[in-house]
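# Structural description and commentary
Here is how the chains run, residue by residue.
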Amino acid sequence: MANSAPAIRSVPQNKQPRNPISRAQVERILSRSVGLFGLVFGAQTFPVFLSQAGEGQPWWAMLVGIIVFGSIVVAFVSALLNRAVGITLALVAFFYLVALGTWPFAVVDPDNVTQGNHWLYFLLTVAAATAAIVFSTRVATFYLFGTSAIYGIIRMTPPGGGVRWEQAVLDSFYATILGGAIIIIAALLRQAASSVDLAQAAALDRYSNAVRQHATEVERVQVDAIVHDSVLTTLLSAARAFTPEAKNLAAVMARNAMAHLRDAAKITPDDGSTVKIATVARRIADSAMEMSPSIEIRTKHVGALSIPVHAAETMVSASVQAMVNSLQHGGDGDVARWLRIRPTSTGGIDIEVGDNGVGFDTESMSTERLGVRVSIIERVANAGGRAEINSAPGVGTIVTLVWPNPNAAAGDAPFGELEPQTLKHSRDAESDA
């Protein structure tokens with residue numbers, strides 16, 4: 001009868017397109033382009049540097065030449081290897097600013113300074129380009145205008161050549177235009193790449209939702225078929241069972257129906273999608289806040305890790321069922337109830353639902369307690385987790401849900417009975433947390 005349920009078809013895993021255009025890819029292209037750009041301009045500027053090296057102190061020319069041109073070469077190699085790109089490009093911008101600021105103080109004879117552009121002028125655009133990569137657009141723009149203004153002011157001083165202000169302004173203006181174009185291009189490419197990332201993430205999210213809805217619908221159809229073909233038929237047979245033979249047949253059908261339900265619970269549609277653990281913790285906490293009487297919520301930062309969607313749904317459902325059980329069976333009056341959520345050392349989630357209510361004897365619990373056995377213990381186990389229920393009459397109940405199962409190979413029994421002092425210690429530790 002239950003065999004007429006439709007089979008769950010495999011759903012293709014959501015894959016990202018090959019070589020997608022992303023912000024990381026754009027950043028890599030920009031850094032390598034700027035590295036190559038700096039290497040070419042540095043090679044063209046190096047002969048000018050050698051021709052003007054005699055105008056400054058020998059130690060200054062040697063030190064500045066090593067740190068400026070050396071940092072350009074290191075930045076190019078770093079960009080090619082995609083290692084420490086931000087640090088090396090930032091050093092180029094910093095060393096250029098150091099060279100520019102110390103230039104007028106290192107001139108030997110202000111009367112014997114070339115009237116043409118200083119060699120630092122040809123590297124001003126390179127420094128602005130590196131700043132555009134490692135800094136924000138606002139900081140890179142400030143860096144560009146600042147270095148251009150400093151160069152123009154120095155050019156009007158005797159150590160800088162003593163040129164007319166019109167020439168100094170014109171040189172600074174040209175450097176600003178070229179550097180500004182690089183900053184604008186980098187900003188536009190980053191904005192476009194970020195938009196692509198957002199669009200791709202939204203598309204994948206919609207696809208994941210569609211896949212989950214499809215899997216849920218398939219599961220619903222299967223459960224409906226089982227309920228119709230097994231459960232309802234069993235109930236009808238039991239209602240008409242007036243003879244011992246009919247009653248025995250109804251009992252057999254009931255056991256078969258329970259077996260079908262257990263088999264259906266073990267079939268978990270898995271589309272490969274994940275959900276943030278923080279989202280799972282927030283959903284459970286929101287459910288606890290909506291319940292009455294109130295439940296004290298104690299959560300810890302669970303990080304940015306993710307777990308499979310089916311595991312997340314299972315942990316949420318089991319947690320809500322545990323809280324409902326506590327409200328229904330934990331007793332009335334002055335009963336303390338708490339919910340604790342924290343991360344595990346294996347990158348999972350640990351949930352504890354507890355109360356100091358009436359409790360119960362786990363060894364004598366009826367097998368018909370589906371809310372505990374099926375909705376909590378078996379469902380969590382089928383999702384790859386572990387559910388443990390510790391309770392004692394007159395002391396309270398603690399339900400612990402952990403995903404993934406920390407000791408799956410140990411074969412621990414899901415039920416256990418704690419001594420009253422053990423439950424009290426657990427609540428005292430929770431109050432001190």
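In this convention, every chain numbers its residues from 1, walking through the sequence in written order. Note on the predicted model: pLDDT of at least 70 is required for a residue's local features to be given, and 80 or more for side-chain atom pairs to be given and counted; whole-chain, interface and lining totals, by contrast, use all residues. To get the side-chain values, all heavy atoms of the structure are used, and hydrogens and water are removed first.

### Details of the overall build of the chain
How we decide: The numbering of helices and of strands both runs from the N terminus, where a helix is a DSSP run of H or I of at least 4 residues and a strand a run of E of at least 2. Burial classes follow relative accessibility: with a 1.4 Å probe on protein chains only, a residue under 20% of its type's maximum area counts as buried, one over 50% as exposed, and anything between as partly exposed. Residues are treated as being in contact if the distance between any of their heavy atoms lies within 4.5 Å. The Shrake-Rupley method, run with a 1.4 Å probe sphere, supplies the accessible areas, and residue values consider only the shown protein chains as cover.
For the chain, the count of helices and strands is 12 helices and 8 strands. Looking at the chain as a whole, 39% of its 433 residues qualify as buried. Counting only contacts in the chain whose residues sit at least 6 apart along the sequence, the fraction spanning at least 24 positions is 77%. Of the roughly 23300 Å² of accessible surface on the chain, 61% is carried by carbon and sulfur atoms.

### Description of the pattern of salt bridges
Spelled out, the test is: Throughout this description, the term salt bridge denotes a Lys or Arg side-chain nitrogen within 4 Å of a carboxyl oxygen of Asp or Glu.
Per the stated rule, a full pass over the model turns up 7 salt bridges. A salt bridge links glutamate 352 to arginine 340; the shortest N-O distance between them is 3.2 Å. Of this pair, glutamate 352 sits in strand β5 (residues 349–355) while arginine 340 sits in strand β4 (residues 337–343), and the two are 12 residues apart along the sequence. Arginine 340 matches glutamate 352 in its accessibility class, with the two residues each being buried. Glutamate 388 serves as the salt-bridge partner of arginine 386, at 2.9 Å between the closest nitrogen and oxygen.

### A closer look at the packing of aromatic side chains
Counted only if it meets this: Each Phe, Tyr or Trp ring, with Trp reduced to its six-membered ring, pairs with another whose centre is within 6.5 Å; inter-plane angles below 30 degrees give stacked pairs, above 60 give edge-to-face pairs, and intermediate values give tilted ones.
For the coordinates displayed, the defined rule picks out 11 aromatic pairs. Ring plane angle 75° and centroid distance 4.9 Å describe the contact between phenylalanine 49 and tryptophan 119, whose orientation is recorded as edge-to-face. On the criterion of sequence distance, the pair formed by phenylalanine 49 in helix α1 (residues 23–52) and tryptophan 119 in helix α4 (residues 119–122) is long-range, its members being 70 residues apart. Ring centres 5.8 Å apart and planes at 75° place the aromatic pair tyrosine 121 and phenylalanine 122 in the edge-to-face group. On the basis of relative accessibility, which here comes to 15%, the residue tyrosine 121 falls in the buried class. On the basis of relative accessibility, which here comes to 33%, the residue phenylalanine 122 falls in the partly exposed class. Pairwise contacts between aromatic rings join Phe46, Phe49, Phe69 and Trp119 into one cluster.

### Here we look at the nonpolar core
The following threshold applies: As used here, the term nonpolar core means buried Ala, Val, Leu, Ile, Met, Phe, Trp, Tyr and Cys residues forming a set that is joined through side-chain atoms within 4.5 Å.
If you look at the biggest cluster of nonpolar residues, it comprises 44 residues, and the most contacted ones within it are Tyr96, Trp103, Trp119 and Leu123. Mapped onto this core, the elements with two or more residues apiece are α1, α2 (58–81), α3 (85–102), α4, α5 (124–134), α6 (137–155) and α7 (165–239). It is α5 that provides the largest number of residues to this core, a total of 8 residues. Not counting the four nearest positions on each side in its chain, tryptophan 119 is found in contact with Thr45, Val48, Phe49, Gln52, Trp60, Val64, Val68 and Phe69. Ile295, Ile351, Phe360 and Val399 belong to the second-largest nonpolar core, a separate cluster that totals 29 residues.

### Overview of α3
The condition that has to hold: Working rule for helices: expected span equals 1.5 Å times residues minus one. As used here, the arc belongs to the directions running from the helix axis to the C-beta atoms.
A rise of 1.5 Å per residue sets the reference length of α3, with its 18 residues, at 26 Å; its end C-alpha atoms lie 26 Å apart and thus fit the reference within 8%. Of the positions making up α3, those classed as buried are Val85, Thr88, Leu89, Val92, Ala93, Tyr96, Ala99 and Leu100. Seen along its axis, α3 keeps its buried residues to an arc of 145°; they face one direction. Its buried side turned inward, α3 meets α1, α2, α4, α5 and α6.

### A word on the pairing of β5
What counts here: Two strands make a pair as long as DSSP finds a minimum of two bridges between them.
Where burial is concerned, most of β5 is hidden: 7 out of the 7 residues are buried. A two-sided burial pattern is seen for β5, the buried positions comprising Ile349, Ile351, Val353 and Asp355 on one face and Asp350, Glu352 and Gly354 on the other. Pairing of β4 with β5 involves 7 bridges; the strand directions are antiparallel. Counterpart to leucine 339 in the pairing with β5 is valine 353.

### Concerning the packing of α3 against α6
A pair of packed helices is characterised by two quantities: the angle between their axes and the separation of those axes. What counts here: Each axis is a line fitted through C-alpha atoms, and for a helix only the stretch in contact is used; angles between axes span 0 to 180 degrees, taken between their N-to-C directions. When describing relative orientation, an angle under 35 degrees is termed roughly parallel and one over 145 degrees roughly antiparallel, while 65 to 115 degrees is termed roughly perpendicular and anything else oblique. Definitions for this section: a left-handed crossing has its near helix turned counterclockwise from the far helix by less than a right angle. A right-handed crossing has that turn clockwise. Polarity classes work like this: nonpolar for Ala, Val, Leu, Ile, Met, Phe, Trp, Tyr, Cys and Pro, charged for Asp, Glu, Lys and Arg, and polar for all others, with Gly in that last group.
Where α3 contacts α6, the two axes come as close as 11 Å, and the packing angle between them is 20°. The orientation of α3 relative to α6 falls into the category roughly parallel. Crossing of α3 over α6 shows left-handed handedness. Residue-level inspection shows Ala93, Tyr96, Leu97 and Leu100 of α3 in contact with α6, the latter providing Tyr143, Thr147, Ile150, Tyr151 and Ile154. For the contact of α3 with α6, a count of residues per class yields 8 nonpolar, 1 polar and no charged.

### A word on the pairing of strand β6 (residues 386–392)
Most of β6 is tucked away: 6 of the 7 residues are buried. Where β6 folds back onto strand β7 (residues 396–403) in an antiparallel hairpin, the turn is made up of 3 residues, including glycine 394, whose phi is positive at roughly 80°.

### A look at unusual backbone geometry
The step from tryptophan 403 to proline 404 runs through a cis peptide bond, and the omega angle for that step is -5°. Here proline 404 is to be found in the loop between β7 and β8 (415–416). With phi around 60°, asparagine 82 is a residue other than glycine that occupies positive phi space. As for its position among the elements, asparagine 82 is in the loop between α2 and α3.

### Details of the environment of threonine 114
Following the sequence through the fold, threonine 114 ends up in the loop between α3 and α4. Note: C-alpha distance between threonine 114 and glycine 160 (46 residues apart in sequence) is 8.4 Å.

### Brief notes about the confidence of the model for the chain
Rules: Values of pLDDT, ranging from 0 to 100, describe the predictor's confidence in every residue of the model.
Of all residues in the chain, 75% attain a pLDDT of 70 or more, and the chain-wide mean is 77. Across residues 1–18, where pLDDT falls below 50, the model places 31 contacts with residues more than four positions away in sequence or in other chains. Contacts of residues 409–433 to residues separated by more than four positions or lying in other chains number 46 contacts, the stretch itself having pLDDT below 50.

### Re a nonpolar patch on the surface
Selection rule: Residues qualify for a patch when their relative accessible area is over 30% and they have no salt bridge, like charges being joined within 9 Å and the nonpolar side chains of Val, Leu, Ile, Met, Phe, Trp and Tyr within 5 Å.
On the surface, Val73, Val77, Leu80 and Leu81 cluster together into a nonpolar patch covering about 340 Å² of accessible area. Along the chain, valine 77 falls in helix α2.

### A look at the environment of arginine 342
By secondary structure assignment, the location of arginine 342 is in strand β4. Its relative accessible area of 29% is what places arginine 342 among the partly exposed residues. Note: C-alpha distance between arginine 342 and threonine 299 (43 residues apart in sequence) is 5.9 Å.

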